[in-house]
Amino acid sequence: MRFTVFTAVAAASIASAAPSFAAEPAQAAPTAAAAAAAPITDPARIAAARVTVDHVFPLGTYARLMNGTLDKMMDSIMDSTMKLPLKQLAGLSGVNTEELGEASMAEIMQIYDPAFKQRMQISTRTMMNEMIPLMTQVEPDIRDGLTQAYAGRYTTTQLGELNAFFATPTGKAYAADSYLVMMSPEVMAKMQGFVPKLMEQMPAIVEKVKTASASLPEPRAYGDLSKDEKARLAKLLGVSEAQLEKDEKAKAH
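These numbers were taken from a predicted model, which means no experiment stands behind them. (Residues numbered from 1 in each chain as written. Predicted model: local features only at pLDDT ≥ 70, side-chain atom pairs only at ≥ 80, totals over all residues. Heavy atoms only, no water.)

## A look at the pattern of salt bridges
A side chain of one charge can pair with a side chain of the opposite charge when the charged atoms of the two come close. Applied cut-off: Between Lys or Arg on one side and Asp or Glu on the other, a salt bridge is scored when a side-chain nitrogen of the former is within 4 Å of a carboxyl oxygen of the latter. Numbering goes from the N terminus for both helices and strands, where a helix is a DSSP run of H or I of at least four residues and a strand is a run of E of at least two. Type-normalised accessible area, obtained with a 1.4 Å probe on protein chains alone, sets the label of each residue: buried when under 20%, exposed when over 50%, and partly exposed for intermediate values.
Under the criterion given, the structure shown has seven salt bridges. Between D54 and R143 there is a salt bridge, with the nearest N and O atoms lying 2.7 Å from each other. Remark: R143 occurs in helix α8 (residues 116–153) and D54 occurs in helix α3 (residues 43–56); sequence separation between them is 89 residues. Accessibility expressed as a relative area gives 15% for R143, which makes it buried. For D177, the salt bridge goes to R64, with nearest N and O atoms at 2.5 Å.

In structure tokens:
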């Protein structure tokens, strides 16, 4: 459960770190569907956007992000989450929390695993280190996507103005860290306040989700499936129909 909480909060934090600029496009930005259907092909505009991307997302950005920035962010998220009452965290998974006390997960884990914090930090850093080469491999594709995004949102003139600014000492310094600044320790210290707010509101959010989806049919159990559906499911899972039947019967007991 705690890993689910960490992942959800981390996703929200990472999403907020997308690069942004003060300049506004002359026209409304296209929708994601329109941008995907109609890529920008104007050579001048693409060339200008590529220069912008060279400034704001140079090769090696993911390595900089994940080597010393993202792990600190995860440490911050973990610290905030561990300080929350276990009763509040358990409530997210629908567990009856009436008999739970107000102890925090940190207090509980101090008994079960005194090295829990160090264990999580080591795990985080190991994962970050292993992910760096993978993320570096996809950087060229990300840069191509960013090029299209900037070309679709800014005119050639606006891109030229951005690039002129990025060519100055101040602009160069800003562009180099524009993607990372939202994950700086100063910002993350303030974002720690998001975690308890999220946990506090989550029960109400869960109830709203239940209400919004109340008209949908309940998910079917294995026993509700037709013979053809069971055969198709077995094929999708890569097991025999007999093995699937055996596994499902085991789950039921």
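## Quick notes on the environment of V239
Summarising the element assignment, V239 is placed in the loop between α13 (227–237) and α14 (241–252). The class of V239 is partly exposed, set by a relative accessible area of 32%.

## A look at α3
What counts, and what does not: What a helix should span is 1.5 Å times the count of its residues minus one. Note: the arc covers the axis-to-C-beta directions of the helix. When checking whether two residues touch, look at their non-hydrogen atoms; a contact exists if any pair is within 4.5 Å.
The terminal C-alpha atoms of α3 lie 20 Å apart, and with 14 residues this matches the ideal 20 Å at 1.5 Å per residue to within 8%. Every buried residue of α3 is accounted for by I46, A48, A49, T52, V53 and V56. Viewed end-on, α3 has its buried residues packed into an arc of 165 degrees, placing them on one side of the element. Structurally, α3 contributes buried residues whose contacts are with α8, α9 (156–166) and α10 (169–177).

## Looking at the packing of α3 against α9
Applicable threshold: Working convention: axes come from line fits to C-alpha atoms, limited for helices to the stretch in contact. Angles between N-to-C directions cover 0 to 180 degrees. Oblique is the label for every angle not falling under 35 degrees (roughly parallel), over 145 degrees (roughly antiparallel), or within 65 to 115 degrees (roughly perpendicular). Helix crossings get a hand from a simple test, with the near helix turned counterclockwise from the far one by less than a right angle marking a left-handed crossing and a clockwise turn marking a right-handed one. All residues other than Ala, Val, Leu, Ile, Met, Phe, Trp, Tyr, Cys, Pro, Asp, Glu, Lys and Arg, Gly among them, are scored as polar; the first ten of these are nonpolar and the last four charged.
At their nearest, the axes of α3 and α9 sit 9 Å apart, and the two run at 30 degrees to each other. Relative to α9, α3 is oriented roughly parallel. Considering how the two elements wind past one another, α3 and α9 form a crossing that is left-handed. Taken together, the residues of α9 that come into contact with α3 (itself represented by A44, R45, A48, A49, V51, T52, H55 and V56) are T156, L159, N163 and F166. For the contact of α3 with α9, the per-class residue count stands at seven nonpolar, four polar and one charged.

## Side note on the packing of aromatic side chains
Selection rule: Stacked, edge-to-face and tilted are the three classes for Phe, Tyr and Trp ring pairs, Trp counted by its six-membered ring, which pair at centre distances within 6.5 Å; planes under 30 degrees apart are stacked, over 60 edge-to-face, the rest tilted.
Within this structure, the stated rule accounts for six aromatic pairs. An angle of 45 degrees between the planes, with centres 5.7 Å apart, marks the rings of F165 and F166 as tilted. Between F166 and Y174, the ring centres sit 6.4 Å apart and the planes meet at 20 degrees, which makes this aromatic pair stacked. Judged by its relative accessible area of 1%, F166 falls in the buried class. These aromatic residues form a ring-pair network of at least three members: F57, Y62 and Y179.

## A short note on the side chain of D113
To be explicit about the condition: Here a polar contact is recorded for every N or O atom pair within 3.5 Å, except that within protein the pair must consist of a potential hydrogen donor and a potential acceptor, and residues adjacent in sequence are included only if both atoms are side-chain atoms.
Mapped onto the elements of the fold, D113 is located in the loop between α7 (105–112) and α8. Side chain to side chain, D113 and R119 meet in a polar contact 2.7 Å long.

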